[in-house]
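Geometric and topological summary
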Amino acid sequence: MTRLFALVILGLLASTAAAAQPAPALEARTPAELRIAAAERALAAKPTNYEAYNDLALGLARRARETSDTTFYVKAEAALGKSLELQPDNFEALKLQVWLLLGRHEFAQALEKAKALNRRAPDDVQVYGFLADASAELGRYQEAIDAAQWMLNLRPGNVPGLTRAAYLRELTGDIEGALELMEMALQSTPPNETEDLAWLHTQMAHLELMRGDAGAAEARLNEALSFFPDYHYALAGLARVRAAQGKHAEAAELLRRRYEAAPHAENLYDLAEALERAGRLAEARRMFAEFETKALQESEKWDNANRELIFYYADHARKPAEALRVARLESSRRQDVHTLDACAWALHRNGRHREARRQIEEALKVGIRDLRIFQHAASIASAAGDRSAAVRYRREAMELSPNRELARAGH
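Residues numbered from 1 in each chain as written. Predicted model: local features only at pLDDT ≥ 70, side-chain atom pairs only at ≥ 80, totals over all residues. Heavy atoms only, no water.

1. Notes on helix α20 (residues 353-365)
Over its 13 residues, α20 runs 18 Å from end to end, which matches the ideal 18 Å to within 8%, given 1.5 Å per residue. Listed in full, the buried residues belonging to α20 are Ala356, Arg357, Ile360, Ala363 and Leu364. For α20, the angular spread of the buried residues around the axis is 125°, confining them to a single face. Looking at α20, the residues exposed on the side facing more than 90 degrees away from the buried face are Arg354, Arg358 and Lys365. Of the surrounding secondary structure, the elements contacted by the buried residues of α20 are α19 (337-349), α21 (371-383) and α22 (387-400). Phi for glycine 367, located one or two positions after α20, is positive at around 110°. (Helix = DSSP H or I, 4+ residues; strand = E, 2+ residues; numbered from the N terminus. Expected span 1.5 Å × (residues − 1). Buried < 20%, exposed > 50% of the residue type's maximum accessible area, 1.4 Å probe, protein only. Arc of directions from axis to C-beta. Contact = heavy atoms within 4.5 Å.)

Structure below.
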């Protein structure tokens, strides 16, 4: 599941968190399971209750984030269809439709539908969240920032607005500001919302690692795992910490646990890379081969691993033409900074350094301070013959790495 979609789910759920209060006898269930059970009880009592179908769709979406099982999205879509069948044009279901479009990476269509809903209800906070999400994925960052600001203007301190504003601050290079907003979101989240708390701690760990504090990141991730044991997002974060500490064997084992909990192609790619860094080359080759097969099967679908597939073809399989083919496919859907980075790298591997440089500088123009993007920018600038820019970008990468040796090695 992409980080964006996880963020969207948080935004959808936060406004209705009170409905998920756990009954004492049901404390062993997760917040999503509680929400699903409550919706199913409401539907059993009144099968024509379209609002209960909306609640069921939300619960299923949340269960998808808890488990990383995308089949829950299919069930959520079915519940949403039933809601609209019972009550066509009901506003909550129409909002959920936009959420599904975002999940399918149909960002242009999601943006148009969100704009239509915004004209119908110009004070709906969630709709501004959709505007922010779709705009960010399409690379329209100022529009995304404006929408996130509207969320906070309309309802100061609301969690969906805070998390989106934090995400956008991260993308524009303000890591301290992003952490401050995430802390505010954390303090505003009810204690029974354990998965939301785990998610927020995991995102804060990601930000701590971005500013080079592996110790603070590890503390946050341990907090996340205390709220939600074996949480797949937290396991991935802890693996990044171990990799930054040079403990590649431990990182690989954490990523194996993550893949067992969330068996998606992109998670398999991370595991293969960790095995390679741990020196377990035969296992890494097998994992990469399995990754390629799985990623190609879903390359045309919304839940794909295309960005990882670009880097696999560019860096591991030595198939630059394939990297460029996938890059073109993915850039037809979104133009965010990470997609621009992947496309620039594919162009670079095909010897098209000037075009690569335009793409990577377009990404950096947003303000993002990301280790890998600076490393790519350095290599591309060097290949394009601009040595001073290459030195500058490599210095930026080293300043961001919690493990300077890792940055020097170009990982």
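Still more ground to cover, so stick around.
2. Quick look at the nonpolar core
Core analysis: the biggest nonpolar cluster contains 94 residues, and Tyr231, Phe291 and Tyr393 have the highest contact counts within it. In terms of residue count, helix α11 (residues 194-210) provides more of this core than any other element does, nine residues in total. (Core = buried A, V, L, I, M, F, W, Y, C linked by side-chain atoms within 4.5 Å.)

3. Things to note about the confidence of the model for the chain
Caution applies to low-pLDDT regions: their predicted coordinates should not be interpreted in detail. Here the chain averages 89 in pLDDT, while 91% of its residues score no lower than 70. Predicted confidence is poor over residues 13-26, with pLDDT under 50, and the contacts of this stretch with residues over four places away or in other chains come to 20 contacts. This model gives residues 404-411 a pLDDT under 50, and the stretch forms 17 contacts once residues within four places in sequence are excluded. (pLDDT = per-residue confidence, 0-100.)

4. Remarks on the packing of aromatic side chains
Under the definition given, this model contains 10 aromatic pairs. Ring plane angle 35° and centroid distance 6.3 Å describe the contact between phenylalanine 374 and tyrosine 393, whose orientation is recorded as tilted. Within this pair, whereas phenylalanine 374 is found in helix α21, its partner tyrosine 393 is found in helix α22, the two being separated by 19 residues in sequence. Among the residues examined, tyrosine 393 registers a relative accessible area of 10% and is labelled buried. One residue, arginine 392, lies across the ring of tyrosine 393, its end atom 5.2 Å from the ring centre. (Phe/Tyr/Trp six-rings, centres within 6.5 Å; stacked < 30°, edge-to-face > 60°. Lys NZ or Arg CZ within 6 Å of the ring centre and 35° of its normal.)

5. Topic: the packing of α19 against α21
In contact at an axis separation of 10 Å, α19 and α21 are set at 30° when each is read in the N-to-C sense. Judged by the twist between their axes, the crossing of α19 over α21 is left-handed. Where α19 abuts α21, its residues Val337, His338, Asp341, Ala344, Trp345 and His348 lie against Arg372, Ile373, His376, Ser379, Ile380 and Ala383. Here the contact of α19 with α21 is composed, by residue class, of six nonpolar, four polar and two charged. (Axes fitted to C-alpha atoms, helices over the stretch in contact; angles between N-to-C directions. Left-handed = near helix turned anticlockwise from the far one by under 90°. Nonpolar A, V, L, I, M, F, W, Y, C, P; charged D, E, K, R; others polar.)

6. So, the pattern of salt bridges
Inspection of every chain in the model, using the stated rule, returns 34 salt bridges. Note that arginine 63 and glutamate 33 form a salt bridge whose closest N and O atoms lie 3.3 Å from each other. Placement of arginine 63 in helix α3 (residues 50-67) and of glutamate 33 in helix α2 (residues 31-45) is noted, with a sequence separation of 30 residues between them. For arginine 63, a relative accessible area of 17% puts it in the buried group. Between arginine 280 and glutamate 253 there is a salt bridge, with its nearest N and O atoms 3.5 Å apart. (Salt bridge = Lys/Arg side-chain N within 4 Å of Asp/Glu carboxyl O.)

7. Digging into the packing of helix α18 (residues 320-331) against α19
At a minimum axis separation of 8 Å, α18 and α19 run at an interaxial angle of 150°. As judged from the angle between their axes, α18 and α19 are roughly antiparallel. Judged by the sense of rotation from one axis to the other, the crossing of α18 with α19 is left-handed. Together, Pro320, Ala323, Leu324, Ala327, Glu330 and Ser331 of α18 and Thr339, Cys343, Ala346, Leu347 and Arg349 of α19 make up the contact between the two elements. Counted by class, the contact of α18 with α19 contains seven nonpolar, two polar and two charged residues. (Parallel < 35°, antiparallel > 145°, perpendicular 65-115°, else oblique.)

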